[in-house]
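Residue-level structural notes
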Amino acid sequence: MSGCSGGTSLLAVKERASQTLCSVWKAAASMESLNRNLEHLRFGGGDIEDEDQLLESLNGILQALAEDKHRTSSLLSESEVLPAFARYLQSSPHCGVKAAQVLAEIAKNEEMKTPCIDAGLVPILIPLLDSTDQEMLLHVGRAIGRICYDNNELQEQLVAAEVIRSLVRIMLDYPDNEPLVRVNLLALSNLADLDTAKDALSKTRIAEHLVHQLRKANHHEKVEIILEVLQTLAENDESMQQLFADGHGVIYQSVGTWLASKHTQLQLTGALAIANFARNDSNCVRMVQLGVVHRLLDLLEQHVECGDVSVQHAALSALRNLAIPVANKVQMLNEGVSKRIQMLLRSEMPPVQFKLLGTLRMLMDGQADAAQELGQDPMLLSRLVQWCDSKDHAGVCGEANRLLASLLRHSQSQEVVKAIQDAQGVKHLVSMATSEHVIMQNEALIALAIASAINLEIIKAAFKEAKLVQNIHKLLQDESTGPEVKYNSIGLLCSLFNSGDLRQEAEEDKVKETLEKLCGHINGNVAKQALMALQILNEEHSIFEQ
């Protein structure tokens, strides 16, 4: 048995040695063949009668790339054969197509992009996009795309050379050639972020064709690429107006289908398109007339529980933009938008919370009835007060405070003052008055002044607890406080002086001395306001002395 085993072991060793020798021989033969092909490509291939040999050499390079891409690429670079490809690309049709195919394979290797550029191949490839040979177009498109990928300078040159026009033409001429369409879509996607490309695209029929391709797309990757290009188009004003065309444009006509789709990326594209169409009042008014608002709300309802944050964010952005024109506010409120949108109060996602608050605030702007109704909604007020305390998300905190102030400012209602007081929201408005953002300071000061004028008695305890008088005094003393904030701060003080307790706090904090100094303020309005506050303070003092 041992002898048999030893014989078997020896046989195995011989077989391995034979296999190794065979592999070495094959590698040597492959290397010799590759060197021979490179040599021929470098120095030969100039004559028409040499076409068969040239094709054989190009096929040999393709085979070598398939076997060992990195080694073959290294030898290609060392052999300085790439400049010769400029000649082969423009030779006979068969050789030109094969040369383009080899270049497309070479350009798969990141390290070969620069040698291809240095060999001056890109300017030779660009005119070949005018070919009518679909195989040539496929390989040329792949080669250009791979060589120029992530190279802004080269991509700008492509746009300047009107490559966009060529890519769009190819897609229009050969819409059923899936590999060719895909290559062109990828190229457009890579170029579309450039401003020059957006302008070039706006002068073509690309949107119409993309919608056509989207309708017939049967796999996820193609849909993703098309949507990327459409979303880029949506960022260009000139393109948007053409695509909207008063509600008759090809993209707008498809938006309803996208919003109702089960495909999240399509939903997102539809919402983004609406948000971008809504860049001027006439577009906004037209879209609300066409009923897009409830389509957006239907979409939002699908994503309330564990939904896609991007879709919710985009849909809310669209609603906010639509709510900017006054005519739209009225119509949207009459149609119950503010009620339906409150379903998102349950959201725990800060980006959604932020957009929701901004949308509600835009709807409330100048709408007293709506502000009065929402300003007494316990669920809304409870959530607002909760978000006002959001320490981790400054944007949400700021928007919650601004909406709270907006409800007071636009309703000017005693019921709303009481509701906000009951919800313990007053202290947040006092804090908002000392915000680092001037616009928020002024909004808070005006809201507090309105609340004080409506019913000071029910909120003065909250003012005292939040040290409102002392905070306002600090604003007035601070030399960095702007004139508008000082003016509104003094206006609020004038209301507070109507309360004996708050007036006493002002006297104890020596507010009078600060007001006297402000009478000489460089800003005339501040100086007049300070003088009026002093007069009120002195009159009140005289009344209380009597």
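I will try to describe carefully the structure that is included in this document. Here the structure is a predicted model, which is why all the values come from computation and not from measurement.

Conventions and cut-offs
Residues numbered from 1 in each chain as written. Predicted model: local features only at pLDDT ≥ 70, side-chain atom pairs only at ≥ 80, totals over all residues. Heavy atoms only, no water. Helix = DSSP H or I, 4+ residues; strand = E, 2+ residues; numbered from the N terminus. Expected span 1.5 Å × (residues − 1). Buried < 20%, exposed > 50% of the residue type's maximum accessible area, 1.4 Å probe, protein only. Contact = heavy atoms within 4.5 Å. Core = buried A, V, L, I, M, F, W, Y, C linked by side-chain atoms within 4.5 Å. Lys, Arg positive; Asp, Glu negative; His and termini not counted. Salt bridge = Lys/Arg side-chain N within 4 Å of Asp/Glu carboxyl O. 1 Å grid on protein atoms, 1.4 Å probe; cavity = no way out; pocket = protein on both sides within 12 Å on 5 of 7 lines; lining within 4 Å. Points joined across faces, edges and corners; volume = space filled by probe spheres on them. Nonpolar A, V, L, I, M, F, W, Y, C, P; charged D, E, K, R; others polar. Axes fitted to C-alpha atoms, helices over the stretch in contact; angles between N-to-C directions. Parallel < 35°, antiparallel > 145°, perpendicular 65-115°, else oblique.

1. Examining helix H5 (residues 93–106)
- Spanning 14 residues, H5 covers 20 Å between terminal C-alpha atoms, matching the ideal 20 Å at 1.5 Å per step.
- In terms of burial, H5 is largely enclosed, as 10 of its 14 residues are buried.
- Within the span of H5, buried status applies to Cys 95, Gly 96, Val 97, Lys 98, Ala 99, Ala 100, Val 102, Leu 103, Ala 104 and Ile 106.
- Contact partners of the buried residues in H5: helix H2 (51–67), helix H3 (69–79), helix H4 (85–89), helix H6 (113–118), helix H7 (121–125) and helix H8 (134–148).

2. A short note on the side chain of Thr 514
- The topology assignment puts Thr 514 in helix H33 (residues 511–518).
- Leave out the neighbours within four places in its chain, and Thr 514 touches His 473, Leu 476 and Gln 477.

3. Things to note about the nonpolar core
- Ranked by internal contacts, the top residues of the largest apolar core, which has 184 residues, are Phe 85, Leu 103, Ile 106, Phe 277, Leu 322, Phe 463 and Leu 496.
- Ranked by residue count, the leading element in this core is helix H29 (residues 438–465), at 11 residues.

4. Brief notes about the side chain of Lys 98
- Within the element layout of this structure, Lys 98 appears in helix H5.
- The side chain of Lys 98 is buried and forms no salt bridge, while Glu 135, the nearest opposite charge, is found at 5.8 Å.
- Beyond its immediate sequence surroundings of up to four residues, Lys 98 is in contact with Leu 55, Leu 58, Asn 59 and Leu 62.

5. Quick notes on the layout of surface pockets
- Looking at the largest pocket, its volume works out to about 250 Å³.
- For the largest pocket, the full set of lining residues is Cys 388, Ala 394, Cys 397, Gly 398, Asn 401, His 428, Ser 431, Met 432, Ser 435, Glu 436, His 437 and Met 440.
- Contributing elements (two or more residues each) for the lining of the largest pocket: helix H26 (394–411) and helix H28 (426–432).
- Among the elements that line the lining of the largest pocket, the one with the most residues is H26, at four residues.
- Taken together, the residues that form the lining of the largest pocket break down as five nonpolar, six polar and one charged.

6. A few points about the packing of H8 against helix H9 (residues 152–160)
- H9 packs onto H8 with a crossing angle of 140° between their chain directions and a minimal axis gap of 9 Å. Comparing their axes, H9 and H8 come out oblique. Contacts between H8 and H9 pair Ile 144, Ile 147 and Cys 148 from the former with Leu 154, Gln 155 and Leu 158 from the latter.
- Grouping the amino acids of the contact of H8 with H9 by side-chain chemistry returns five nonpolar, one polar and no charged.

7. Quick word on unusual backbone geometry
- A positive phi angle, close to 65°, is found at Asp 150, a residue other than glycine.
- The topology assignment puts Asp 150 in the loop between H8 and H9.
- One non-glycine residue with positive phi stands out, namely Gln 412, at about 45°.
- Secondary-structure assignment places Gln 412 in the loop between H26 and helix H27 (414–422).
- Of the residues examined, Gln 412 reaches a relative accessible area of 54% and is grouped as exposed.

8. Observations concerning the environment of Arg 295
- Locating Arg 295 in the fold gives a position in helix H19 (residues 292–302).
- With a relative accessible area of 42%, Arg 295 lands in the partly exposed category.
- Remark: the alpha-carbon pair of Arg 295 and Val 255, spanning 40 residues in sequence, is separated by 9.7 Å.
- Excluding its chain neighbours within four sequence positions, the residues that come into contact with Arg 295 are Gly 256 and Leu 259.

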